[in-house]
Amino acid sequence: MDLKQNVNPLSSKTHGSSRKEIVRKSVNSCMKLAKDLWLSESKNDNLVFSPFTMGTALGLLAFGASGETLKQLLEFLNCESLDTLNSSHSQLIEMLRKSQAGPKGPKLSFVGGCWVSSSLKPSFQEVVHAVYKAEAETVDFENKSGEVLKKVNTWASKETNGLIQNILPDDAINKYTKSIFADALYFK
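A. Layout of the overall build of the chain. Tallying secondary structure elements over the chain gives 6 helices and 3 strands in all. Mapped in sequence order, the helices and strands of the chain form the string α-α-α-α-β-α-β-α-β. Taking all 188 residues of the chain together, 39% fall into the buried category. When contacts within the chain are restricted to residue pairs at least 6 apart in sequence, those whose partners lie at least 24 apart make up 64%. About 11,400 Å² of surface is accessible on the chain, with carbon and sulfur atoms providing 53% of the total.

If you want it as structure tokens, here you go:
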């Protein structure tokens, strides 16, 4: 089965499952991942893992993947196809963006970005922007790692109104880095 066949990021097809069920299954997978990460990594640290942002990053990875990797990501996210995954993410993100209460109610904002070492295909950029409401950029990790580090940290600071100054530590990028997927979820 060709999992990338006829991908339309804004399609409303659900391939037999209700959109609500698809989102629920995907969130459950990401909740399990968040729990496993918290249990293995927290060690009395103050860490927060967002299943929503994990699902977003995994969705972006899935769209950039092929073959067995794509199949495994879709299986983990409980989605039958990229069409289904992108459609459900698009609707979930739009719902979250529109669900803002008035000035005295809760505020929720979400930003995402990805930086990759190889040239971005127009279809990948389209999905990043249209479905995930995120930024995408091709960068040179090998020769300009310091510039990329500064770019990502500046992006995080700008997008979070200074709440996150350095999303990446100084040694996070090297010649072996191929991509960075970052996002921030703000709730007040």
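This is not the end of the story, as more comes after the structure.
B. Quick peek at helix 2 (residues 51–64). For helix 2, built from 14 residues, the straight-helix expectation of 20 Å at 1.5 Å per residue is met to within 8% by its first-to-last C-alpha distance of 20 Å. Counting buried positions along helix 2 yields 11 of 14 residues, so the element is predominantly enclosed.

C. Seen up close, the side chain of Thr-53. When you line up the elements, Thr-53 lands in helix 2. With sequence-adjacent residues up to four places away left out, Thr-53 is seen in contact with Phe-110, Asp-183 and Leu-185.

D. Structural view of the packing of helix 2 against helix 5 (residues 122–130). It is the contact of helix 2 with helix 5, at a shortest axis distance of 10 Å, that shows an interaxial angle of 160°. When the interaxial angle is binned, helix 2 and helix 5 end up roughly antiparallel. Viewed along their axes, helix 2 and helix 5 form a crossing whose handedness is right-handed. Only Ser-123, Phe-124, Val-127 and Val-128 of helix 5 make contact with helix 2, whose side of the interface consists of Leu-60, Phe-63 and Gly-64. When the residues that make up the contact of helix 2 with helix 5 are grouped by side-chain class, the tally is 5 nonpolar, 2 polar and no charged.

E. Spatial organisation of the pattern of salt bridges. Under the criterion given, the structure shown has 2 salt bridges. In this structure, Glu-159 engages Lys-158 in a salt bridge whose closest nitrogen and oxygen atoms are separated by 3.3 Å.

F. Focus on unusual backbone geometry. Even without being a glycine, Asn-78 presents a positive backbone phi close to 55°. Within the element layout of this structure, Asn-78 appears in the loop between helix 3 (67–76) and helix 4 (82–98). Of note in the backbone geometry, Asn-161 takes a positive phi value of approximately 55° without being a glycine.

G. Just the nonpolar core, in detail. If you look at the biggest cluster of nonpolar residues, it comprises 29 residues, and the most contacted ones within it are Leu-82, Leu-85, Val-128 and Tyr-132. For this core, the elements supplying multiple residues, two or more each, are helix 1 (19–41), helix 2, helix 3, helix 4, strand 1 (108–116) and helix 5. Discounting chain neighbours no more than four positions away, the residues touching Val-128 are Leu-60, Cys-114, Lys-133, Ala-134, Glu-135 and Ala-136. If you look at the next biggest cluster of nonpolar residues, it comprises 14 residues, including Val-111, Val-139, Trp-155 and Ala-184.

H. Expanded view of the packing of aromatic side chains. This structure, assessed with the given rule, holds 2 aromatic pairs. With a centroid separation of 5.1 Å and 80° between ring planes, the pair formed by Trp-115 and Trp-155 is classed as edge-to-face. A residue pair is termed long-range when its members are at least 10 positions apart, and Trp-115 in strand 1 and Trp-155 in helix 6 (residues 145–159) qualify at 40 residues. Using a relative accessible area of 3% as the deciding quantity, one classes Trp-115 as buried.

I. Geometry of the environment of Phe-52. Structurally, Phe-52 can be placed in helix 2. Classification of Phe-52 by relative accessible area gives buried; the value is 16%. For Phe-52 and Ile-93, which are 41 residues apart along the polypeptide, the C-alpha to C-alpha distance reads 9.5 Å. Dropping the residues within four chain positions of it, Phe-52 is found in contact with Leu-92, Ile-93, Leu-96, Phe-110 and Leu-185.

J. Representation of helix 4 within the structure. With 17 residues, helix 4 extends 24 Å from end C-alpha to end C-alpha; this agrees with the ideal 24 Å at 1.5 Å per step. Looking at helix 4, one finds that the buried residues are Leu-82, Asp-83, Thr-84, Leu-85, Asn-86, Ser-87, Ser-88, His-89, Ser-90, Leu-92 and Ile-93. Two or three places before Asp-83, at the start of helix 4, stands the capping residue Ser-81, its side-chain oxygen 3.4 Å from that residue's backbone nitrogen.

Criteria and cut-off values
Residues numbered from 1 in each chain as written. Predicted model: local features only at pLDDT ≥ 70, side-chain atom pairs only at ≥ 80, totals over all residues. Heavy atoms only, no water. Helix = DSSP H or I, 4+ residues; strand = E, 2+ residues; numbered from the N terminus. Buried < 20%, exposed > 50% of the residue type's maximum accessible area, 1.4 Å probe, protein only. Contact = heavy atoms within 4.5 Å. Areas by Shrake-Rupley, 256 points an atom, 1.4 Å probe, with all protein chains shown as cover. Expected span 1.5 Å × (residues − 1). Axes fitted to C-alpha atoms, helices over the stretch in contact; angles between N-to-C directions. Parallel < 35°, antiparallel > 145°, perpendicular 65-115°, else oblique. Left-handed = near helix turned anticlockwise from the far one by under 90°. Nonpolar A, V, L, I, M, F, W, Y, C, P; charged D, E, K, R; others polar. Salt bridge = Lys/Arg side-chain N within 4 Å of Asp/Glu carboxyl O. Core = buried A, V, L, I, M, F, W, Y, C linked by side-chain atoms within 4.5 Å. Phe/Tyr/Trp six-rings, centres within 6.5 Å; stacked < 30°, edge-to-face > 60°. Polar contact = N/O pair within 3.5 Å; in protein donor to acceptor, adjacent residues only side chain to side chain.

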